Every structure is written in structure tokens, then in C-alpha cells.
Amino acid sequence: NSSSNNNEKSVLFASVHPMEAYEFDELVAAVDRLALNDTGLEVHRTSGASNSTGENGGPFLGPGLALHVEVFRQRLLDEFGMEAIVTPPKVPYTIQYLPSKSSRRSQDDPTEEVIEDLANWPQSGERFDVLEPIVAVRVIAPVEYAGSVMELIKRKRGYDMETQPIDDANWMFTAHMPWGEVVTDFHDSLKNCTAGYASFDTTEAGVKKGRLAKVSIMLNGDVVEPLTFVSHVDAAQAEARVVCKKLKETLPREQFVIRIQAKAEGKIVASESIKAYRKDVLTTGGSKAVGGGDITRKKKLLEKQKRGKKRLQSQSGGAGGGKVRLSQAA
């Protein structure tokens, strides 16, 4: 249900990130070649400074819905052997800067700009308003699911909701809703709460000022741009906790502790950790290497293990911990 077409400016975007730094140039060539054969794809580099694996270089952006994004990622893998991280679709936000004594912007900078890449979100200390794109949503569902549909629309920050019976079995629900809420998981949520019987479409309905915050996800202190998202300030902490918990379930354990943190408006709003693998240095081949009463040698072995883990962390990621490799599943 994308309202963009070949004659209009694309209004849905997805970022593409290489798995490793040395693959960036190869990814550029692969994406450019795919764009030649896909008229619905508009590609350009952004100014993002880093990506999920910590490499420099901006991601790519282009239009598409979730299905288009997944097909694009699969084509990269099948046709070019490129395993890349592709983010879910994102919407552009209009930033209106307000006068501020603490602002680091020059007087020549524009007072309004459209943010497509969340790496360009205003820094802390800036005063600004955020305008988010709004769509008019029309849902048709069986009448027995009316309560579930209306609850979903409210949860997705829908407003101006109206209902209209179509016949004895079906109702039509209309409302205005932030497009960012629609492109994430509205389709799946609607299907789940109506047993798959509902359908919906959208049309553009301008922009509206919203109380929004950028939520940055950090792994061992490093911001992971593909996981960054925008949320309403009232829901930021709850959504950040969900993301941190899912990452804890998805990321594999490493030889070092993985700290998962979410940051919004300059504060840590959610945190999880994944324990490091621990080798039992007190046993060898299934039998005890150290006797039950030899406490001195036990301490020496455990201290040696502790020093080894610290050395591994310092070699791979500094004091914050080792470098975490992010997968498409995460």
C-alpha cells in the first residue's frame, strides 16, 4: 500500500548495510546493478557515518514495502552472493528547528529539513518540532472483530476514527494514522486480530506534528544504526524494552558479555545483557583437574581465565566489550 510511484518522490526508505567493511565497494556495485533492472527502486548514498558492524560509509535508501525489501535482500544474496543487512521500511520526517542558545547549527543552516536517514536526526541540545507523514486508513473487516480492529487503530495512534456498516457481516473502519505506525507491523497485527479476514488500504493525508523521539540501540556501547527507530515519547521505553529483549533472545552468546542498551532523549531507557560463555577450567576431559581441597590452585585458574577474557575484550572492542556481529534476523 505504498502511495509512491515512478513519477513522485519516493516516500518509503530502507537502509542497506554491508556485513563487513571490506565488502562495502562490492555492495555499492551490486546495488547499482540491481537498480538498473528495477524501475521501482531509487538508490542513493546517505551521509550515515557507520553501520551495524561499525564500518564507515553510508547506507543506501530506496522506496519499498516489507515484501519489496525482503525480495531485494534475497536478490543481493542469490545474484551477487552478497549477504547484507537491510532494515525494515522507514518513513521520512520533517524537522523544524526552533531558536536555541545551545544550538550548534550555524545561521546559514536551513530551519527545516527532511530526514530520511535517522543518522541525521538532530543532536541532543537542539530544540525542534517533528512533522510525521499521516495517511488515511480504510479497513474492512467482519463485524465480530470490530472491537479488536478499533483497539488496534487506537494502539497505532489512530484518530478521527469512524465506523460504517457495509452489510450484515462486514464493517468499514476509517481513521487517520501516522504512516510510520502503518509500515512497521500494522498489516501483520491486523491479520492476527481478525484471523486473516480483514483488508486495508491507505492514501496520503499530509503531515502532523508529533511528540517523537529517536531510540538508539547500542551493543557494548556502539550505536547500531539499522536497529535505530522513531517512537512516540510515551511509548519509547516500552518499545525499547521489547527490542532489547528480542535481541537478547536472537543474538548468539560470545566469549564476552554483550550489553544491549536503548537510549532515547539522552537517557538509557532499557537494558539487557547476554552472559559470556564460561569454560569450566577446573575440569579436564570430564574429570576434576583440581582436587576439592586445593583452593589456591582453583583461584589461580579462575584468575587466569578472567585475565584472558579481559585481554579478548581489549583486543576486540575496548573496555565496553567485544565487537558484536549483527545478523539479518536481529
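Residues numbered from 1 in each chain as written. Predicted model: local features only at pLDDT ≥ 70, side-chain atom pairs only at ≥ 80, totals over all residues. Heavy atoms only, no water.

Description of the overall build of the protein
- Scanning the protein from terminus to terminus reveals six helices and 17 strands.
- Nonlocal contacts in the protein, meaning residues at least 24 apart in sequence, comprise 65% of its contacts between residues at least 6 apart.
- Total accessible area computed for the protein in this model is approximately 18400 Å², and 49% of it derives from carbon and sulfur atoms. (Helix = DSSP H or I, 4+ residues; strand = E, 2+ residues; numbered from the N terminus. Contact = heavy atoms within 4.5 Å. Areas by Shrake-Rupley, 256 points an atom, 1.4 Å probe, with all protein chains shown as cover.)

Quick notes on the nonpolar core
- With 30 residues, the main nonpolar core has W121, V137, V139, V182, F186 and L190 as its most contacted residues.
- When contributions to this core are tallied by element, the ones reaching two or more residues are β5 (93-97), β7 (128-142), α3 (146-155), β9 (170-178) and α4 (179-193).
- Per-element tally for this core: the top contributor is α4, with six residues.
- With near-sequence residues (within four places) excluded, W121 lies in contact with Y93, I95, I115, F128, V130, K214 and V230.
- In this structure, L247, I260, A264 and V269 belong to the second largest nonpolar core, which totals 20 residues. (Core = buried A, V, L, I, M, F, W, Y, C linked by side-chain atoms within 4.5 Å. Buried < 20%, exposed > 50% of the residue type's maximum accessible area, 1.4 Å probe, protein only.)

A word on the confidence of the model for the protein
- Averaged over all residues, the pLDDT of the protein is 79; the fraction at 70 or higher stands at 75%.
- For residues 1-10, every residue scores under 50 in pLDDT, and the model assigns this stretch 22 contacts once sequence neighbours within four places are set aside.
- Here residues 48-64 is a poorly scored stretch, pLDDT under 50, and it has 72 contacts once near neighbours within four places are set aside; other chains count. (pLDDT = per-residue confidence, 0-100.)

Quick word on α4
- For α4, built from 15 residues, the straight-helix expectation of 21 Å at 1.5 Å per residue is met to within 8% by its first-to-last C-alpha distance of 20 Å.
- Helix geometry: α4 is bent most strongly at D185, by close to 65°.
- W179, G180, E181, V182, V183, F186, S189, L190 and C193 are the residues of α4 that are buried.
- Buried residues belonging to α4 abut β7, α3, β9 and β10 (199-210).
- Directly after α4, the chain includes A195, whose backbone phi takes a positive value near 55°. (Expected span 1.5 Å × (residues − 1). Bend = angle between axes of the 7 residues up to and from the residue.)

What about the pattern of salt bridges?
- All told, the structure shown has ten salt bridges when counted by the stated rule.
- Between R157 and E132 there is a salt bridge, and its shortest N-O distance comes to 2.9 Å. Placement of the pair is R157 in the loop between α3 and β8 (159-165) and E132 in strand β7, with a sequence separation of 25 residues.
- Here E132 falls in the buried class, since its relative accessible area comes to 5%.
- Each of E132, K156, R157, E181 and D185 takes part in one network of salt bridges that share partners. (Salt bridge = Lys/Arg side-chain N within 4 Å of Asp/Glu carboxyl O.)

Description of the environment of I115
- With respect to the helices and strands, the residue I115 is situated in strand β6 (residues 112-115).
- We classify I115 as buried; its relative accessible area is 2%.
- Sequence separation of I115 and P92 is 23 residues, and the distance between their C-alpha atoms is 5.5 Å.
- Filtering out sequence-adjacent residues up to four positions away, I115 remains in contact with V91, P92, Y93, I95, N120 and W121.

Some details on the pairing of strand β14 (residues 258-264)
- The element β14 is extensively covered by neighbouring structure, given that five of its seven residues are classed as buried.
- When β14 meets strand β15 (residues 267-274), the two strands line up antiparallel, connected through seven bridges. Bridging across to β15, K263 finds its partner in I268.
- Between β14 and β15, which follow one another and run antiparallel, lie two residues, and E265 among them has a positive phi close to 50°. (Pairing = 2+ DSSP bridges.)

Examining the side chain of S231
- With respect to the helices, strands and loops of the structure, S231 is situated in strand β13 (residues 229-232).
- Residue classification places S231 among the buried residues on the basis of a relative accessible area of 2%.
- In terms of polar contacts, S231 uses its side chain to reach the side chain of E239, at 3.0 Å.
- Residues in contact with S231, not counting those within four places in the same chain, are R211, L212, A213, V215, A236 and E239. (Polar contact = N/O pair within 3.5 Å; in protein donor to acceptor, adjacent residues only side chain to side chain.)

A few points about the packing of α3 against α4
- For the pair α3 and α4, the least separation of the axes is 9 Å and the interaxial angle reads 155°. Taken together, the axis directions place α3 and α4 in an arrangement best described as roughly antiparallel. As α3 runs across α4, the sense of the crossing is right-handed. Two secondary-structure elements touch here, α3 through S148, V149, L152 and R155 and α4 through F186, S189, L190 and C193.
- Looking at the contact of α3 with α4 residue by residue, the classes come out as five nonpolar, two polar and one charged. (Axes fitted to C-alpha atoms, helices over the stretch in contact; angles between N-to-C directions. Parallel < 35°, antiparallel > 145°, perpendicular 65-115°, else oblique. Left-handed = near helix turned anticlockwise from the far one by under 90°. Nonpolar A, V, L, I, M, F, W, Y, C, P; charged D, E, K, R; others polar.)

Looking at unusual backbone geometry
- Phi is positive for R157, close to 65°, though the residue is something other than glycine.
- A residue is classified by how much of its surface remains accessible, and R157, at 23% relative accessible area, is partly exposed.
- Although it is not a glycine, A195 adopts a positive phi angle of roughly 55°.
- As for its position among the elements, A195 is in the loop between α4 and β10.

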